[in-house]
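Single-letter residue listing:
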Amino acid sequence: MGRVGVLLLNLGGPDKLEDVGPFLYNLFSDPEIIRLPFRWLQKPLAWFIASRRTRTSQENYKQIGGGSPLRRITEAQGEALKEQLSHLGQEANIYVGMRYWNPYTEEAIAQITQDNIEHLVILPLYPQFSISTSGSSFRLLEKLWQEDPKLQPIDYTVIPSWYKEPGYLQAMAELIAQELEQFPNPDEVHIFFSAHGVPKSYVEEAGDPYQQEIEECTALIMQTLNRPNAHTLAYQSRVGPVEWLQPYTEDALKELGAKGVKDLVVVPISFVSEHIETLQEIDIEYREVAEESGIHNFRRVPAPNTHPVFINALADLVIDALKNPSFKLSQAAQMKKRVKMYPQERWEWGLTTSAEVWNGRIAMLGFIALIIELITGHGFLHMIGLLQ
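This text gives an overview of the structure that appears in the document. By convention here, each chain's residues receive numbers from 1 onward along its written sequence. Where local features are concerned, this predicted model is filtered to residues with pLDDT of at least 70; where side-chain atom pairs are given and counted, the filter is 80 or more; whole-chain, interface and lining totals use all residues. Hydrogens and water molecules were not included; the side-chain quantities draw on all heavy atoms of the structure.

### Some words on the overall build of the chain
Put simply, the rule is: Helix numbers and strand numbers start at the N terminus; a helix is a DSSP run of H or I with at least 4 residues, a strand a run of E with at least 2. For each residue, the accessible area found with a 1.4 Å probe, counting protein chains only, is set against the maximum for its type, and the residue is called buried under 20%, exposed over 50%, and partly exposed in between. Residues count as neighbours in contact if any of their non-hydrogen atoms are within 4.5 Å of one another.
For the chain, the helix and strand inventory stands at 14 helices and 8 strands. The buried share of the chain, reckoned over its 388 residues, is 60%. Sequence-distant contacts, at least 24 apart, represent 81% of the contacts inside the chain between residues at least 6 apart.

As structure tokens, this is what we get:
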């Protein structure tokens, strides 16, 4: 077959506290994420928002050891995948391409061309597709392919989403079962799936399949688990002044507490690696919400990380992708229609303190706030929390 490579795509995260500011700047500089009316505003606005959010984000990273473990875990997943592929008789080089931090996607692509890779499988480490996660990386890769003639000879294929992969479902079911067994009455524990949210307009106006895939994935995991537990699906990490997918995680936790639920196990369904949204947002912030709501037996299912069944699932995905007809970036990155980032609708303020959000739409909020601040001089930025 020739030299085979696998490109693992992920968001990226600051390795240490000094990286938080530059990481946020990269996040808010992405023109695929932050739609501004004037291109020249992009970088000044990114600097403006990042410089004012850095201290708050650094405090959150201090709570989880001073940096994100995402790179370390992703590289460990890559090593485990390489070993499993070799065991299955398929030698392959593994590359990690982060969207907003080291090692950048562009660096991974440069190494792929240098290594003379002939067949490439592009595998996002997001089980469910969203225009703001996998879609953003696919659009970047499509741009690189168009601009670099050295990439043209590479026979590549994309795996857009893989939430139905049996091995992934089995890994999630096993991880949930392990946590349930820590309770005195495992079958009575409420299973709480918490997925990263996206603005509702992405689904309704842009045709993002994310919500449908999350809901189907939740049902498939429960089917694989094959236990009588009640379950809830909610969405975390919302930012900005628009309606996001509901129910919101914090609201759903309060509602369950009011109904008398005492035993709860939280499943981070859209995450396959530990990072700030599992270690800080769920483990610290949402735990406090749950306990204040009367849910005192609170446990969290770990992310799959390098769970053997999960790694086997990734290897199966790669093997199948190499056998099947190619799926191209132009197909994977295409949106049904142009997304309207901030529709004129009911405004909701709900700033998350997490830094590793999947998208930087908060920057548009900052842009609006900055204009209001300049016009009114009423301290609007402080009022909405951007300068905390």
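### Here's the deal with the side chain of D19
Mapped onto the elements, D19 comes out in the loop between β1 (4-10) and α1 (20-29). Given the relative accessible area of 8%, D19 is considered buried.

### Re helix α10 (residues 276-292)
Our working rule: Bend, in this description, refers to the angle at a residue between axes fitted to the seven residues ending there and the seven starting there.
Along α10, the largest kink reaches about 35° and is centred on I282. Listed as buried for α10 are I276, E277, T278, Q280, E281, I282, D283, Y286, V289 and A290. For α10, the secondary structure elements touched by its buried residues are α2 (42-62), β5 (190-196), β6 (231-236), α9 (249-258), β7 (263-268) and β8 (297-300).

### Quick notes on the sheet that holds β5
Defined as follows: Any two strands with at least two DSSP-identified bridges between them are counted as paired. Axis definition: a line fitted to C-alpha atoms, limited for helices to the stretch in contact. Angles are taken between N-to-C directions and run from 0 to 180 degrees.
With parallel pairing, 4 strands are arranged side by side in an open sheet as β6-β5-β7-β8. Looking at strand neighbours, the two that pair on one side only are β6 and β8, the edges of this open sheet. Strand-to-strand twist of the sheet, defined as the mean angle between neighbouring strand axes without regard to direction, takes the value 25°. As defined by bridge partners, β5 adjoins β7 across 5 bridges and the pair is classed as parallel. When the sheet's bridge partners are listed, F192 is paired in β7 with V266. Relative to the sheet, helix α6 (residues 166-180) contacts β5, β7 and β8, its axis offset from that of β7 by approximately 155°.

### Some points on the sheet that holds β1
Strands sit in the order β2-β1-β3-β4 across an open sheet of 4 strands; the sheet is parallel. In this open sheet, the two strands that pair with only one neighbour each are β2 (93-98) and β4 (155-158). Each adjacent strand pair in this sheet contributes to an overall mean axis angle of 20°, direction not counted. Bridge count between β1 and β2: 6 bridges; the pairing is parallel. Directly across from L8, in β2, lies its bridge partner V96. Contacts from helix α4 (residues 105-114) reach β1, β2 and β3 (119-124) within the one sheet, and its direction differs from that of β2 by about 155°. Sheet strands in contact with helix α11 (residues 308-323) are β1, β3 and β4, and its direction is about 135° off that of β3.

### Brief notes about the environment of Q212
One can find Q212 in helix α8 (residues 210-225). Q212 gets classed as exposed once you look at its relative accessible area, which sits at 56%. Each C-alpha atom of the pair Q212 and Q128 lies 9.2 Å from the other, and the pair is 84 residues apart in sequence.

### Looking at the pairing of β4
Put simply, the rule is: Orienting the strands away from the viewer, one traces the path from the first strand over the helix to the second; a clockwise path indicates a right-handed crossover.
Judged from the 4 bridges that link them, β3 and β4 form a sheet pairing that is parallel. In the strand pairing of β4, L120 is matched with Y156. Each parallel crossover has a hand, and for β3 linked through helix α5 (residues 134-147) to β4 it is right-handed.

### Some details on the packing of α1 against α2
The following threshold applies: Orientation is classified from the angle alone, with under 35 degrees giving roughly parallel, over 145 giving roughly antiparallel, 65 to 115 giving roughly perpendicular, and any other angle giving oblique. Crossing chirality is assigned from the near helix's rotation relative to the far helix, an anticlockwise turn below a right angle marking it left-handed and a clockwise turn marking it right-handed. Under this grouping Gly is polar, as are all residues other than the nonpolar Ala, Val, Leu, Ile, Met, Phe, Trp, Tyr, Cys and Pro and the charged Asp, Glu, Lys and Arg.
In the contact formed by α1 and α2, the axes pass within 7 Å of each other and the chain directions differ by 135°. As summarised for this structure, α1 and α2 are arranged oblique, according to the angle between their axes. Between α1 and α2 lies a crossing of right-handed hand. On α2, the residues that touch V20, G21, F23, L24, Y25, F28 and S29 of α1 are Q42, K43, A46, W47, I49, A50, R53, T54, S57, Q58 and Y61. Classifying every residue of the contact of α1 with α2 gives 10 nonpolar, 6 polar and 2 charged.

### A closer look at the pairing of β5
Counting buried residues along β5, 7 of its 7 residues qualify, which places the element largely inside the surrounding structure. Residues H190, F192, S194 and H196 point to one face of β5 and I191, F193 and A195 to the other, with burial holding for every one of them. Where β5 and β6 come together, 6 bridges link them in parallel fashion. When the bridges of β6 are listed, F192 appears paired with T232.

### Digging into the pattern of salt bridges
Condition: A pair is scored as a salt bridge if a Lys or Arg side-chain nitrogen falls within 4 Å of a carboxyl oxygen belonging to Asp or Glu.
For the coordinates displayed, the defined rule picks out 15 salt bridges. E243 is the partner of K200 in a salt bridge, and the nearest nitrogen-oxygen pair spans 3.6 Å. One end of the pair, K200, is in helix α7 (residues 200-204); the other, E243, is in the loop between β6 and α9, with 43 residues separating them in the sequence. Salt-bridge contacts for D283 lead to R300; the nearest nitrogen and oxygen are separated by 2.8 Å. Placement of D283 in helix α10 and of R300 in strand β8 is noted, with a sequence separation of 17 residues between them. Through salt bridges with shared partners, a single network forms among D15, R71 and E75.

### So, the packing of aromatic side chains
The geometry of an aromatic ring pair comes down to the distance between the two centres and the angle between the two planes. Put simply, the rule is: Stacked, edge-to-face and tilted are the three classes for Phe, Tyr and Trp ring pairs, Trp counted by its six-membered ring, which pair at centre distances within 6.5 Å; planes under 30 degrees apart are stacked, over 60 edge-to-face, the rest tilted.
All chains considered together, the criterion is met by 6 aromatic pairs. Centre to centre, the rings of W145 and Y156 are 4.7 Å apart; their planes meet at 55°, and the pair counts as tilted. One end of the pair, W145, is in helix α5; the other, Y156, is in strand β4, and 11 residues separate them in sequence. Per residue, the accessibility class of W145 equals that of Y156, and both read buried. Their ring planes at 40° and their centres at 6.0 Å tell us that W162 and F310 sit as a pair that is tilted. Highlighted residues: W162 in the loop between β4 and α6 and F310 in helix α11, separated in sequence by 148 residues. Neither residue differs from the other here; W162 and F310 are each classed as buried. Grouped by ring-pair contacts, the aromatic residues W162, Y168 and F310 constitute a single cluster.

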